[in-house]
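# Coordinate inspection notes
Here is what each chain is made of, one letter per residue.
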Amino acid sequence: MTDKQIKQIKAQLPEGEKLNRIYSAFEGGIRAISRDGKGNEHRYEVHFDADDNVTISRK
């Protein structure tokens, strides 16, 4: 992933969540994990458009 794509992921996270890690999932695709202020993890699927921009959706 590029720095631009990582910034796009961070910009889409809800307020109070911070990006923890990004990985290639065994099932296929890319996942992003964030943590909120209480330490809870939230999982997102990463989707790429035709211009290689990313959007995330809650898993």
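To be clear, the structure that these remarks concern was listed above.
Residues numbered from 1 in each chain as written. Predicted model: local features only at pLDDT ≥ 70, side-chain atom pairs only at ≥ 80, totals over all residues. Heavy atoms only, no water.

What follows deals with the pattern of salt bridges. It is possible for side chains of opposite charge to pair when their charged atoms get near one another. According to the stated counting rule, one finds six salt bridges in the structure shown. For Glu41, the salt bridge is made with Arg35, and the minimal N-O distance between the two is 3.0 Å. Looking at Glu41, the relative accessible area reads 32%, which means it is partly exposed. Between Lys59 and Glu45 there is a salt bridge whose closest N-O contact spans 3.3 Å. You can see Lys59 sitting in the segment after β4 (54-58) and its partner Glu45 sitting in strand β3 (residues 41-48), a full 14 residues away along the chain. Taking the relative accessible area as the measure of exposure, Glu45 reaches 23% and is therefore partly exposed. What you see here is one network of salt bridges that share partners, running through Arg21, Arg35, Glu41 and Arg43. (Salt bridge = Lys/Arg side-chain N within 4 Å of Asp/Glu carboxyl O. Buried < 20%, exposed > 50% of the residue type's maximum accessible area, 1.4 Å probe, protein only. Helix = DSSP H or I, 4+ residues; strand = E, 2+ residues; numbered from the N terminus.)

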